[in-house]
Every structure is written in C-alpha cells, then in structure tokens.
Amino acid sequence: MAERQDVPNTEATARLSVAQAAVRFLANQFTERDGDRVRLFAGFLGIFGHGNVAGLGQALLEAELEDPGLMSYVLGRNEQALVHTAAAYARARGRLQTWAVTTSVGPGATNMITGAALATINHLPVLLLPADTFATRVGAPVLQELELPSSGDVTVNDAFRPVSRYFDRVWRPEQLPAALLGAMRVLTDPVETGAVTVAIPQDVQTQAHDWPESLFAERVWHVGRPLPQRAALARAVEVIRAGRRPLIVAGGGVLYSDASESLARFAELTGIPVAVTQSGKGALASEHPQSVGAIGATGTTAANELAAAADVVIGIGTRYTDFTTASRSAFADPGVRFVNINVASADAAKLSGVSVVADAREALDALTAELHDHRVPQEYRMRATELVTIWDAAVDAAYRSAGAGLTQTEVIGLVNTLSDPTDVVVCAAGSLPGDLHKLWRVRDRAGYHVEYGYSCMGYEVAGGLGVAMACPGRDVFVMVGDGSYLMMATELVTAVQEGIKVIVVLVDNHGFASIGALSESVGSQRFGTRYRYRSPDGRLDGGPLPVDLAANAASLGVDVISARTASEFTDAVKTAKASARSTVLYVETDPPASGPDSGSWWDVPVSEISTLPSARQARAGYEARKRAQRHHLRPSESAEAHRAAGEEPR
C-alpha cells in the first residue's frame, strides 16, 4: 500500500474580523429560479448599540466606503419594525430577496422576537444577527446580560429558538462558515424558510481570523420547482373528476410560485370557481369570471355558500388556517373530499386530503393537461356567477356613505377606486384586514399585501416601507387603524430619511374597533376596547381622549392631510399620489359601522358561566355554531369509505 502523502493547503486566505467576513459573505449570496438570478440580500437594516457598533457597525462602514451600493445600511427606529420591513420586502420580492437585520445585545435583540415569529409563521425569509454577550465571559455579567443561576450558557437570544426556523450561535470564528451556510440553506428553501437567527457575541464579532478566499466566492442558491409524483397526480385527478361542486382555495403559495397564469388557465378550462385566502388574494383578479372572492371568516357570501356545498375542495398553497376554514365549519358537505397541493408536506396532508407535494405552478400545469376534457356542470357555473353578482352589489353598497361622515368601508372603496391598478394596499391587524379581504377588488397580482398569519399590530407602517423599497414605481397605500398606528408609527421617520414614499391612510375610530366588535359578540360589551377618559366611577367610559394623531404624524416629518367627507378624501388621495413625499391621510370614521356580513363563523370560546345576560346569550349562540364544526378525518382518497357512508357525489 502506498504511503499517504499530506497535501498542504495552499488556498489563499483573507485576514478579516468575524463581522467583516460575515458582511463580505452575505454580499456574495444569490438566488436563482427559472434562470433569473438576483442578489439575496438588499442590505442591512439595523440599530447600533454597544454589542454591534464595533463589530458589524465597523464592518458595514468599511463596506459602504468601498462600494455604497453593494450592502447598504438603513438606520431604523425600532428593532421589531425592522424585521417587519424585511419580511414585507421578502414577500413583495417573491421570497427570493430579503434584508439582514443587526441589533445590539439585550433589549435590542429581544425586540426582534415578535418580528421573528411573524416571519416564521408566514414562511418569509429574514436573517437576524443579534449581538450576544461575551463568549469569553470575562467581566461577566456585562450590561444587559441575563444571569441564570441554573445555567451559564443561556442568554436572552435563546428566546429566538422557538420562533426561528434555524438558530445558531457563533462562539468562535471557526464556527462562522457552518453557521452562515446553514442559514442560507434555510432562507432559500421554500418549505423551511422563515426567520433565521445567527447570534454573534460582541467580542467574537471583532476577532480576526484567516478565512479561505473560497468562503467569499459568489454562491448561487437554486430555488427549484418540485414536480408532482405521477401516482399522487392520478389520485388527485380521480377525486376532481368525481366532484360535481368543486371549489379551488388559492393561498399564498400560488403567488410565491408565480402560478397566477396557470391558475387562470386551469379555472377557465374546467370552470371551477376560485376562492382566495388572505395571503392568496391577488392569485386571481377579482374581475376574473371564475373568481368568487375571499373565503372563510372574513369571506364573501359567494365563496362561503359555494364552500358549504362543495363536494371537492382543491387547496393550492394554503395552510388552511382557522380564518380560511371558518374554524372548520366552512366545508359542510358530509362527503366533502380535499386535494391539497403544497410544497410543504405538512400542509399538503391537512384535512385528510389527497396530498400532492409539488410546486403550485407545476402541479396546476400538470392538472390542466390531465383534465383537458373535464368541465363542471353548466348550472354550477351559473350559480357561482349569480352569487358573485349578489356579492358585488353588496360591495357597491358598502362603498357608498350612509350618512354625513365617512365609514371605514367607504374609505376602502375610495382608495380602491382612486388608486392605480398596480398600486399596493398594505394592512395587518384590526377590523381593516377583514373588510379588505371581503371588499378590496384586486386588479394586479402584487396589489394586495395583508399580513394575517400573525395579524401583528404595528406591522402596517414598517411593512409598507418594506413593500415600497421592494416595488419602486408603485404607490403603496398603508391602511392602518389608530390602535396599530399608536403601537408603531416610528418607521415613518425612516421613510423620510431614505426618501421613500408611502401613503398612509390613518383611520381613527378612537379605539380597538375589531376587538370591540368581537367583545360585543361574546357578550363582553366592548369592555376595555375604547380610548376614553376614566370616569368618576372608575370606569374607562368617559369622553374621547384628546389625542391628535394628525399632529403626531406631522411631527415625524411627513405631509399630513385631514379629511372629513368623501370629497375631501378624494382630493387628499389625488394630492398624495401626485406628491413625491410620504403623506398621511387622516380620517375619522364611525366605529359601529361595519362591512357586509360574511355569513361565516370564527371559533372564539365564550364563558360557560356568567352573571351577564349578554354573555349567557352569546354562549347559547356559540354552542349552536360549535355543532357545525367538522373534524375532516375521513381519508379523501378512499372513495370506498365515502360510498360506505352513503356519501356518493350528488
């Protein structure tokens, strides 16, 4: 046997700090799909403190001096907001691009946790680089360090573990390559993606190391399109052909797959009506003949009536959240069967459906080929069209004012009418998302951006900033209530700083209107949901607080226009669109006024025992609706099981 000869490693190295190496590495990461290659990171969002100013702060300064356009740094005002901005940017860019977010130790880091949860729940790629306490532990405890008597290696950054799709901590320079490569793998995987956290202690950030030059080579992460398995496709085709009243539920996966055209072709060919989830709204234009609008707890009466009678439900790129399924009461046919197309097997297996683990576009194109001769009954198509016509009339009525003052639905109608087809509406929490889901008429696949996976108050302005950064040339309308605005309006300052235009429609109804309505529905009489003075008897039911949100917005450097009538609001929108500056349109609305009812249900438990007649009445109604809830446990692919239960298609 020949004696092994050790070959010396002659690869060139670069001596850099850990922070410098991280910045250089991230600048050379790319994604590619369908032949289109883009840089993965647009840059860094951050706030410097003692944990990162000497490490990543110094490294980013060097990078800016070397090439200002390569890895730009944007100074934000709130760490949670910065994660929202990155997540919104990633969504607007089809999850192929994002930002890295750097913070200091302690509160700067933990402020990001809510944003991390939002990104992970919505499967949006964001890279979080929180600083950490000293790896050497010399001089411990340092400022903002958590001390646990039971453990010496736990820091506050461990709180990121349950809300991150990938977590690592770089205790030594040698660990950086593995941590970064692991992070890139998850960020660019459509199934695994979400918040990725790589914590780097403040002393490690500044340590020098000799890095192989190959670490900094341009690296392309290919985002593929998984094909459906033939057997799975055959099972799906069998179920779809057997259906007499099928319904498509299009989720966010349709948009991320860029499958809107494929969805339209499939729906036009078969005549199957298409309902959309919150994240899937835009997958099909509202005016498309097969579009029946939003589904579920915030859905249209058209989509929900079809869902109640559907014998086959084809879910495409949806997680089937409780709002989509109306807490599993939407699909009422006893023999309903599901076909689920999703890149994530966990979602494809839900509701005992026939699982097709595949890219949405590839699966739809394959189904179109297999079902080229399949059509739903003409009377079913006519019924869907009739239901949409009835709903459209309800939307038109909601867009018109019923009195002297503006209602929230009228404001939505005016923005929808006065905005351009390619403009984007952004929202997240409160009563606005429900009204937008039902009422907004989508004209462009990228024109609707409502975060409802986490429904996070405070996302709106920060998310609008991210969308505006991702979509230059489009006007971005941020719809936000006074409750969410008061939680986090700080990134208006960042928009002014960066010269980025957003149009914020600030709807002031002096309280938490959405939770107020929910409170009333469960018998709690809107308790604790109004912004009021405390009355002499100690209750929060006095007069309205003298909060001037318009003045507050003006103090942040944006233009502000107040409107009280439809005419004034129309002029305000036109002025804001013509301006190059960020503008806040302030309007007061009537809280009790609400949009048309979806005829659907959301499972929010009501107290079983109460001295309040309103709560007892609500409990009786809750128990009645609860009886309509379904488990959907029978396997959809088993036709024999359905026949045995007397559930032949009707």
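You'll find the structure just up there.
Nothing here was measured: the structure is a model prediction, and the numbers come from that model.

Participant: Looking at this structure, how should I read the layout of surface pockets?
Facilitator: Remark: the empty space left among the atoms is shown by a probe the size of a water molecule rolled over them. In this structure, the second largest pocket occupies an estimated 610 Å³ of space. Considering the residues around the second largest pocket, the lining is formed by 25 residues, among which R91, A92, R93, G94 and R445 are closest to the centre. When contributions to the lining of the second largest pocket are tallied by element, the ones reaching two or more residues are β3 (36–39), α3 (79–92), α9 (252–256), β19 (448–450) and α17 (459–470). Of the residues belonging to the lining of the second largest pocket, the class tally is 11 nonpolar, four polar and 10 charged.

Participant: Explanation requested: the pattern of salt bridges in the structure shown.
Facilitator: It is possible for side chains of opposite charge to pair when their charged atoms get near one another. Per the counting criterion, the structure on display carries 32 salt bridges. Close ionic contact of R169 with D132 constitutes a salt bridge, the shortest N to O distance being 2.7 Å. You can see R169 sitting in strand β8 (residues 166–169) and its partner D132 sitting in strand β7 (residues 126–132), a full 37 residues away along the chain. Summarising the burial analysis for this pair, R169 and D132 share the class buried. The residue R441 makes a salt bridge to D392 at a minimum N-O spacing of 4.0 Å. Linking R441 in the loop between α16 (432–439) and β19 with D392 in helix α14 (residues 378–398), this pair joins segments that are 49 residues apart in sequence. According to the relative accessible area criterion, R441 is partly exposed, its value standing at 27%. Through salt bridges with shared partners, a single ionic network connects D420, D423, D475, K501 and K577.

Participant: Sorry if this is basic, but what is going on with the side chain of S17 here?
Facilitator: For S17, the location among the structural elements is in strand β1 (residues 13–17). If we ignore the near neighbours within four places in the chain, the residues touching S17 are Q205, T206, Q207, A208 and W211.

Participant: Would you explain the environment of E268 in this entry?
Facilitator: Checked against the element boundaries, E268 lands in helix α10 (residues 260–270). When the C-alpha atoms of E268 and R381 are compared, they prove to be 11 Å apart, with 113 residues separating the residues in sequence. When sequence neighbours within four positions are dropped, the list of residues in contact with E268 reads H288, Q290 and R381.

Participant: Would you explain the nonpolar core in this entry?
Facilitator: Note that soluble globular proteins tend to have their nonpolar side chains buried in a common cluster. Of all hydrophobic cores here, the largest spans 62 residues; its most connected members are L247, L263, I314, I316 and F331. Per element, the largest residue contribution to this core is seven residues, and it comes from α14. The residues contacting I314, other than those within four sequence positions of it, are I240, L247, I248, V249, F266, I272, Y320, V339 and I341.

Participant: Can you walk me through helix α6 (residues 176–187) in this structure?
Facilitator: Because an α-helix packs 3.6 residues into every turn, residues spaced three or four apart end up facing the same way. In this model α6 runs 16 Å from its N-terminal to its C-terminal C-alpha over 12 residues, within 8% of the 16 Å that 1.5 Å per residue would give. Burial in α6 covers these residues: L176, A179, L180, G182, A183, M184, V186 and L187.

Participant: How should I be thinking about the sheet that holds strand β14 (residues 291–294) in this particular structure?
Facilitator: Strand pairing in a sheet takes place through backbone hydrogen bonds and is either antiparallel or parallel in direction. Across the sheet, which stays open at both edges, the six strands sit in the order β14-β13-β12-β15-β16-β17 with parallel pairing between neighbours. Of all the strands in the sheet, just β14 and β17 (354–357) have a single pairing partner and so form its edges. Neighbour-to-neighbour, the strand axes of the sheet open up by a mean angle of 20°, direction not taken into account. Sheet topology note: the strand β15 (residues 312–316)/strand β16 (residues 337–342) ladder contains five bridges and is parallel. Bridge pairing in β16 links I314 to V339.

Participant: I'm lost on empty space enclosed by the protein in this one. Help?
Facilitator: As enumerated under the stated definition, the model contains four cavities of 30 Å³ or more in all. Reported here for the largest cavity is a volume of approximately 80 Å³. Along the walls of the largest cavity sit D482, L486, D508, H510, Y531, L545, V547 and L549, which together make up its complete lining. Class assignment for the residues of the lining of the largest cavity results in five nonpolar, one polar and two charged. Taken as a whole, the second largest cavity spans an internal volume of roughly 50 Å³. In this structure, the second largest cavity is lined by G271, P273, P289, Q290, S291, V292, R381, A384, T385 and V388.

Participant: Which parts of the structure should I look at to understand a nonpolar patch on the surface?
Facilitator: Residues L486, Y533, L545 and V547 make up a contiguous nonpolar surface patch of roughly 340 Å² in combined accessible area. Inspection of the secondary structure assignment puts Y533 in the loop between α20 (513–521) and α21 (549–555). Taking the relative accessible area as the measure of exposure, Y533 reaches 42% and is therefore partly exposed.

What counts, and at which threshold
Residues numbered from 1 in each chain as written. Predicted model: local features only at pLDDT ≥ 70, side-chain atom pairs only at ≥ 80, totals over all residues. Heavy atoms only, no water. 1 Å grid on protein atoms, 1.4 Å probe; cavity = no way out; pocket = protein on both sides within 12 Å on 5 of 7 lines; lining within 4 Å. Points joined across faces, edges and corners; volume = space filled by probe spheres on them. Helix = DSSP H or I, 4+ residues; strand = E, 2+ residues; numbered from the N terminus. Nonpolar A, V, L, I, M, F, W, Y, C, P; charged D, E, K, R; others polar. Salt bridge = Lys/Arg side-chain N within 4 Å of Asp/Glu carboxyl O. Buried < 20%, exposed > 50% of the residue type's maximum accessible area, 1.4 Å probe, protein only. Contact = heavy atoms within 4.5 Å. Core = buried A, V, L, I, M, F, W, Y, C linked by side-chain atoms within 4.5 Å. Expected span 1.5 Å × (residues − 1). Pairing = 2+ DSSP bridges. Axes fitted to C-alpha atoms, helices over the stretch in contact; angles between N-to-C directions. Patch = residues over 30% accessible without salt bridge, like charges linked within 9 Å, V, L, I, M, F, W, Y side chains within 5 Å. Areas by Shrake-Rupley, 256 points an atom, 1.4 Å probe, with all protein chains shown as cover.

Limitation: the analysis is restricted to geometry and does not speak to function.
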